[in-house]
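# Coordinate analysis (summary)
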Amino acid sequence: MRKEDCFYLGKIVKKYSFKGEVLAKLDTDQPELYGKLDAIFLNLRNNLVPFFIEHSQFHKSELLRIKFEDVDDESDADAIMKSELYLPLELLPKLDGDKFYFHEVIGFTVEDKNHGTVGTITGINDSTAQALFEIDRNGTEILIPMNDEFIVNLDRDNKTILVDTPDGLIDLYL
């Protein structure tokens, strides 16, 4: 399985028991969707390796306690500590309306109510206080905050996002 075909679910953050159980912090708004998985991919030395789950349950609400097959003691658990967890993209719940996953809108065209076509989304920068659309306009990078008030419409069929940005925002880049 390739990382491009998967989504990041979370990370193993600590050992739970001497029997190899671990605690994982899930990066999701709906952790309950992932409480009863059969298998998951762990990123080990930049390879996604499938691990089968014997049992799992939520621990203190935000952590998922996992017992993997063939991870039977503390040294086995040490070997997978801090590993990132991934699942295939097809396991993501479908979103409708103007809600979207970051990976889903890469390649979409952004159109502004006042400026017309702005450019093509090349990435999402979520390392700032507010996530930003990274848009390429003929070699010029334009950053638009992913603010619900700016997004007017998301058209999955035509791969476009209509935005209504404040006066002067796009002009800063042109």
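Up top is the structure.
On a predicted model such as this, the values are computed, not experimentally measured, just so you know.

Attention shifts here to the pairing of strand S10 (residues 140-145). Where strand S9 (residues 132-137) lies against S10, 6 bridges are found, and the strand directions are antiparallel. Bridge pairing links Arg-137 to Thr-140 in S10. Where S9 folds back on S10, the antiparallel hairpin that results is connected by 2 residues, among which Asn-138 adopts a positive phi of roughly 50 degrees.

To continue, consider the pattern of salt bridges. Enumeration according to the criterion identifies 8 salt bridges in this entry. Put simply, Arg-2 and Asp-5 hold a salt bridge, and the shortest N to O gap is 3.1 Å. Exposure remark for Asp-5: the relative accessible area of 31% places this residue in the partly exposed category. Close ionic contact of Asp-72 with Lys-67 constitutes a salt bridge, the shortest N to O distance being 3.1 Å. Take Asp-72: its relative accessible area is 46%, and that puts it in the partly exposed class.

What follows concerns the sheet that holds strand S1 (residues 6-15). Strand order in the closed barrel made by the 6 strands is S1-S2-S5-S4-S3-S6, with antiparallel pairing throughout. Strand-to-strand, the axes of this sheet are offset by a mean angle of 45 degrees, without reference to chain direction. In this structure, strand S3 (residues 39-44) lies alongside strand S6 (residues 84-88), joined through 3 bridges in antiparallel fashion. For Leu-42, the partnering residue across the bridge sits in S6 and is Leu-85.

What follows deals with the nonpolar core. One recurring pattern in soluble globular proteins is that nonpolar side chains are buried together. Leu-9, Tyr-34, Ile-40, Leu-42, Phe-68, Ile-80 and Leu-85 are the most contacted members of the largest nonpolar core, which has 22 residues in total. Going through the elements one at a time, S1, strand S2 (22-26), S3, strand S4 (47-59), strand S5 (63-68), helix H1 (74-80) and S6 are the ones with two or more residues in this core. If near-sequence neighbours (up to four positions away) are discounted, Ile-80 is found in contact with Ile-12, Val-22, Leu-42, Leu-44, Phe-51, Phe-68 and Val-71. In this structure, Phe-100, Val-105, Phe-108 and Ala-131 belong to the second largest nonpolar core, which totals 20 residues.

Per the counting criterion, the structure on display carries 4 aromatic pairs. A ring pair is formed by Phe-7 and Tyr-34, whose centres lie 6.2 Å apart and whose planes are at 55 degrees; its orientation type is tilted. With a gap of 27 residues between them, Phe-7 in strand S1 and Tyr-34 in the loop between S2 and S3 connect regions that are remote in the sequence. What makes Tyr-34 buried here is its relative accessible area of 5%.

Time to look at the pairing of S2. Here S2 lies mainly inside the structure; 4 of its 5 residues are buried. In this sheet, S2 lies alongside S1 in antiparallel orientation, the contact comprising 5 bridges. Its bridge partner being in S2, Lys-11 is matched across the sheet by Lys-25. From the end of S1 to the start of S2, which pair antiparallel, there are 6 residues, and Gly-20 there has a positive phi angle of about 95 degrees.

If you walk across this open sheet you meet the 6 strands as S10-S9-S8-S7-S12-S11, and the pairing is mixed. With partners counted over all chains shown, the strands left at the sheet margins are S10 and strand S11 (151-155), one partner each. When the angles between neighbouring strand axes are averaged without regard to direction, this sheet yields 35 degrees. Both strand S7 (residues 109-112) and strand S12 (residues 160-163) contribute to a ladder of 4 bridges, which runs parallel. What sits directly across from Glu-111, in S12, is Leu-162.

Reading guide: rules and limits
- Counting from 1, residues in each chain are numbered in the order their sequence is written.
- pLDDT decides what is reported in this predicted model: residues at 70 or higher carry local features, side-chain atom pairs at 80 or more are listed and counted, and totals for whole chains, interfaces and linings draw on all residues regardless.
- The side-chain figures draw on all heavy atoms in the structure; neither hydrogens nor water molecules are used.
- Two strands qualify as a pair provided DSSP detects at least 2 bridges between them.
- Runs of H or I in DSSP of at least four residues are treated as helices and runs of E of at least two as strands, each being numbered from the N terminus.
- We count a salt bridge whenever a side-chain nitrogen from Lys or Arg sits within 4 Å of a carboxyl oxygen from Asp or Glu.
- Throughout, exposure labels follow a simple rule: accessible area from a 1.4 Å probe, protein chains only, divided by the maximum for the residue type, with under 20% read as buried, over 50% as exposed, and the rest as partly exposed.
- Note on geometry: axes are C-alpha line fits, over the in-contact stretch for helices, and angles between N-to-C directions span 0 to 180 degrees.
- Here, nonpolar core refers to any group of buried Ala, Val, Leu, Ile, Met, Phe, Trp, Tyr and Cys residues whose side-chain atoms link them within 4.5 Å.
- Should any heavy atoms of two residues lie within 4.5 Å, those residues are considered in contact.
- By convention, a stacked pair of Phe, Tyr or Trp rings (six-membered ring in the case of Trp) has centres within 6.5 Å and planes under 30 degrees apart, an edge-to-face pair has planes over 60 apart, and any other such pair is tilted.

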